[in-house]
Structure formats: structure tokens, C-alpha cells
Amino acid sequence: MTNEITTEMLDRKIAWCEQKLADAKTAAIQRMQDFYFEKTRASANESWPETFSSQELADALGVESVRYRIYYSQDNLTCRLFVFRPHCTPFETETMLGMGFVPAQDGDTENIPNQPVEEVEE
């Protein structure tokens with residue numbers, strides 16, 4: 001065996017480098033994405049269950065601040081916290097999903113379900 005570099009070796013090395021470059025570009029793709037987290041409570045008199053603060057979410061994503069909005073059901077027993085990520089990376093998507101968020105779809109702000117209310121007869 002010699003120490004010569006053949007054309008086939010160079011072709012393999014170039015193909016390997018091109019594949020690594022393509023993989024890196026795919027990993028860095030950013031896109032707009034909304035996520036939501038749903039909370040429910042048994043009574044409108046109860047406080048909402050604690051989950052995490054917006055600062056904790058920002059820290060987990062490695063950003064300064066997070067834009068969010070909250071929508072409530074008509075019976076005020078369900079709320080959805082929507083977080084908008086204007087340049088969402090695959091890392092942010094994994095982080096959000098790991099925290100219990102769901103990717104939002106069109107109409108998720110309007111179709112917040114009312115919770116069944118148990119009526120007690122006395």
C-alpha cells in the first residue's frame with residue numbers, strides 16, 4: 001500500500017464533506033412555529049395550576065424573552081398558553097415538546113373546549 005491519494009479517495013472525501021454540509025444546513029433550518037400548552041381546573045374559583053414562568057421558558061430556549069398570549073374557554077376552566085417562535089430551530093422544537101407543548105394548528109385559539117360541569121342536585 002502506498003501513501004498516494006487516488007481520485008476515488010478524493011471523490012469519497014468530497015461526497016462525505018458535501019453530506020456533512022447538507023446535514024448542517026438541515027439542522028439550522030428555522031421556521032415560524034406556534035406552540036400551545038393547555039391547563040385546566042375544576043372550578044373557576046381555583047387558581048390555575050403552576051407550570052413554569054415565561055422566564056423559565058426563555059432560559060430553556062436560550063433566549064432573552066418569549067412572546068406569548070393566553071386564550072380562555074368560555075367557562076373559564078381551560079386556558080391555552082400560546083408561544084410564538086418566529087425563528088424556531090429543531091432544538092427549540094424538541095425543547096418545547098419536551099416541556100409538554102403541542103405544535104399549534106389553525107383554529108386552536110377558537111376551539112378551546114369547555115369542561116363538563118357536574119351539577120349537584122340537592
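Calculation criteria
Residues numbered from 1 in each chain as written. Predicted model: local features only at pLDDT ≥ 70, side-chain atom pairs only at ≥ 80, totals over all residues. Heavy atoms only, no water. 1 Å grid on protein atoms, 1.4 Å probe; cavity = no way out; pocket = protein on both sides within 12 Å on 5 of 7 lines; lining within 4 Å. Points joined across faces, edges and corners; volume = space filled by probe spheres on them. Helix = DSSP H or I, 4+ residues; strand = E, 2+ residues; numbered from the N terminus. Nonpolar A, V, L, I, M, F, W, Y, C, P; charged D, E, K, R; others polar. Buried < 20%, exposed > 50% of the residue type's maximum accessible area, 1.4 Å probe, protein only. Arc of directions from axis to C-beta. Contact = heavy atoms within 4.5 Å. Pairing = 2+ DSSP bridges. Phe/Tyr/Trp six-rings, centres within 6.5 Å; stacked < 30°, edge-to-face > 60°. Lys NZ or Arg CZ within 6 Å of the ring centre and 35° of its normal. Core = buried A, V, L, I, M, F, W, Y, C linked by side-chain atoms within 4.5 Å.

*Asks:* Hey, could you run me through the layout of surface pockets in this one?
*Replies:* Taking a probe equal in size to a water molecule and rolling it over the atoms shows the remaining empty space. As a volume, the largest pocket reaches approximately 180 Å³. For the largest pocket, the lining is made up of 14 residues, of which Lys39, Phe52, Tyr68, Ile70 and Leu81 are closest to its centre. For the lining of the largest pocket, the secondary-structure elements that each account for two or more residues are α2 (54-61), β2 (67-72) and β3 (78-88). Here the residues of the lining of the largest pocket sort into 10 nonpolar, 3 polar and 1 charged.

*Asks:* Would you mind showing me how to read α2 here?
*Replies:* Buried residues of α2: Leu57, Ala58 and Leu61, and no others. The arc that holds the buried residues of α2, viewed along the axis, is 100°, so those residues lie on one side. The inward-facing, buried residues of α2 contact β3 and α3 (90-98). Trailing α2 by a residue or two, Gly62 shows a phi angle of about 75°, which is positive.

*Asks:* Where do I start with the pairing of β2 in this structure?
*Replies:* Successive side chains on a regular strand alternate, one facing one side of the sheet and the next facing the other. Note: β2 against β3, 6 bridges, orientation antiparallel. Residue pairing across strands places Tyr68 opposite Val83, the latter belonging to β3. In this antiparallel pair of consecutive strands, β2 and β3, the connection spans 5 residues, and Asn76 shows a positive phi of 60°.

*Asks:* Explanation requested: the packing of aromatic side chains in the structure shown.
*Replies:* In this description, an aromatic ring pair is defined by two values, namely the gap between the centres and the angle between the planes. Inspection of the entire model under this criterion finds 4 aromatic pairs. When the centroid spacing of 5.4 Å and the interplanar angle of 85° are considered together, the rings of Tyr71 and Phe82 count as edge-to-face. Here Phe82 lies in strand β3 and Tyr71 lies in strand β2, a separation of 11 residues in the sequence. Take Tyr71: its relative accessible area is 30%, and that puts it in the partly exposed class. Under the relative-accessibility criterion, Phe82 is labelled buried at 2%. Connected via pairs of aromatic rings, a cluster forms that spans Tyr36, Tyr71 and Phe82. In this structure, Arg41 packs its charged tip against the face of Trp48, placed 3.9 Å from the ring centre.

*Asks:* Help me out: how do you make sense of the nonpolar core in this one?
*Replies:* Where a protein is soluble and globular, its nonpolar side chains tend to be buried together. With 11 residues, the main nonpolar core is built from Phe35, Phe37, Leu57, Ala58, Leu61, Val66, Leu81, Val83, Cys88, Met96 and Phe101. Within the residue set of this core, elements represented by two or more residues are β1 (31-40), α2 and β3. With sequence-adjacent residues up to four places away left out, Met96 is seen in contact with Phe35, Leu57, Leu61, Val83 and Phe101.

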